Amino acid sequence: MIGPLASNILLALVWMGLTGSFTGTNLFIGLVLGYLILASALRDQPGFAAYTGKIPKAILFIGFFIKELILSNLKVAYDVLTPTYYMKPGVIAFPLEARTDAEITVVANLISLTPGTLSLDVSSDRKVLYIHVMYLENEEAVIESIRYMEYRALEVLR
């Protein structure tokens, strides 16, 4: 049996196929309709209760990540457009809380998507992620901000 998330995505894709409109808006409508269908069909299933708890966390995480993305873009754009050179590049070793390959991949990609940071490598024991940072004024502050992003992502994934 497939899980609630896969069922929801499948229902959204079926919705898109039935309507013949393959747009982001129609995908969103399909996800909402699929969620409502699953909510009525699986309301007594314990697995669905865990899924419903993740929906608000996922929405909050998306908002959080968009905010971080905008702030990082503004910081990099300001540095590029002004004559003063603010960059202090460096490489840090970030201790991971993520344990599975999927969790590590998601965290590494979220870091790389944020301007000013780039995931370089994962240690062989999968406990440390090496990250290139453009603005390394305070290593502890950078690690703490990345730790918070990892925490928020793992809240949705686990």
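Residues numbered from 1 in each chain as written. Predicted model: local features only at pLDDT ≥ 70, side-chain atom pairs only at ≥ 80, totals over all residues. Heavy atoms only, no water.

Trainee: In this structure, what is going on with the overall build of the protein chain? I would like to understand it.
Mentor: Across its full length, the protein chain carries five helices and three strands. Helices (α) and strands (β) of the protein chain occur, in sequence order from the N terminus, as α-α-α-β-α-β-β-α. For a compact globule of 158 residues, the expected C-alpha radius of gyration is about 15 Å, and the protein chain comes in at 19 Å, more than 25% above that figure. Projected onto its principal axes, the C-alpha positions of the protein chain cover 55 × 40 × 20 Å. For the protein chain, the accessible surface area stands at approximately 9900 Å², while carbon and sulfur atoms represent 68% of it. (Helix = DSSP H or I, 4+ residues; strand = E, 2+ residues; numbered from the N terminus. Rg over C-alpha atoms; globule rule 2.2 N^0.38 Å. Areas by Shrake-Rupley, 256 points an atom, 1.4 Å probe, with all protein chains shown as cover.)

Trainee: Which parts of the structure should I look at to understand a nonpolar patch on the surface?
Mentor: On the surface, Trp15, Phe28, Ile29, Val32, Leu33 and Leu36 cluster together into a nonpolar patch covering about 520 Å² of accessible area. Take the nonpolar patch: its biggest share by element is five residues, from helix α2 (residues 24-41). Here Leu33 shows up in helix α2. (Patch = residues over 30% accessible without salt bridge, like charges linked within 9 Å, V, L, I, M, F, W, Y side chains within 5 Å. Salt bridge = Lys/Arg side-chain N within 4 Å of Asp/Glu carboxyl O.)

Trainee: Please explain the sheet that holds strand β2 (residues 117-122) as it appears in this structure.
Mentor: Within a beta sheet, neighbouring strands are joined by backbone hydrogen bonds and run either parallel or antiparallel to one another. In spatial order, the strands read β1-β3-β2; together these three strands make up an open sheet with antiparallel pairing. Sheet topology places β1 (90-95) and β2 at the edges, where each strand pairs with a single neighbour. With strand direction ignored, the average angle separating the axes of adjacent strands in the sheet is 30 degrees. Of the pairings in the sheet, the one linking β1 to strand β3 (residues 128-133) comprises six bridges and is antiparallel in character. Across the sheet, residue Gly90 finds its bridge partner in β3, namely Val133. Helix-sheet contacts for helix α4 (residues 101-113) involve β2 and β3, and the interaxial angle to β2 is about 150 degrees. Together, β1 and β3 form the strand contacts of helix α5 (residues 139-157), whose direction differs from that of β1 by roughly 50 degrees. (Pairing = 2+ DSSP bridges. Axes fitted to C-alpha atoms, helices over the stretch in contact; angles between N-to-C directions. Contact = heavy atoms within 4.5 Å.)

Trainee: When you look at the pattern of salt bridges in this model, what are you seeing that I'm missing?
Mentor: A pair can form between side chains of opposite charge whenever their charged atoms are brought close. Overall, the coordinates contain four salt bridges when judged by the stated rule. Linking Lys67 and Glu68 is a salt bridge whose minimum nitrogen-to-oxygen distance equals 3.4 Å. Ionic pairing is found between Arg147 and Glu150, a salt bridge with its closest N-O pair at 2.7 Å. In this pair, Arg147 and Glu150 are both assigned in helix α5, three residues apart and thus about one turn of the helix distant.

Trainee: Would you take a moment to explain the environment of Leu27 for this structure?
Mentor: By the secondary structure assignment, Leu27 is in helix α2. Separated by 83 residues in the primary sequence, Leu27 and Leu110 place their C-alpha atoms 22 Å from one another. With near-sequence residues (within four places) excluded, Leu27 lies in contact with Ala12 and Met16.

So, to be careful, I would describe these as geometric facts and stop short of saying anything about function.
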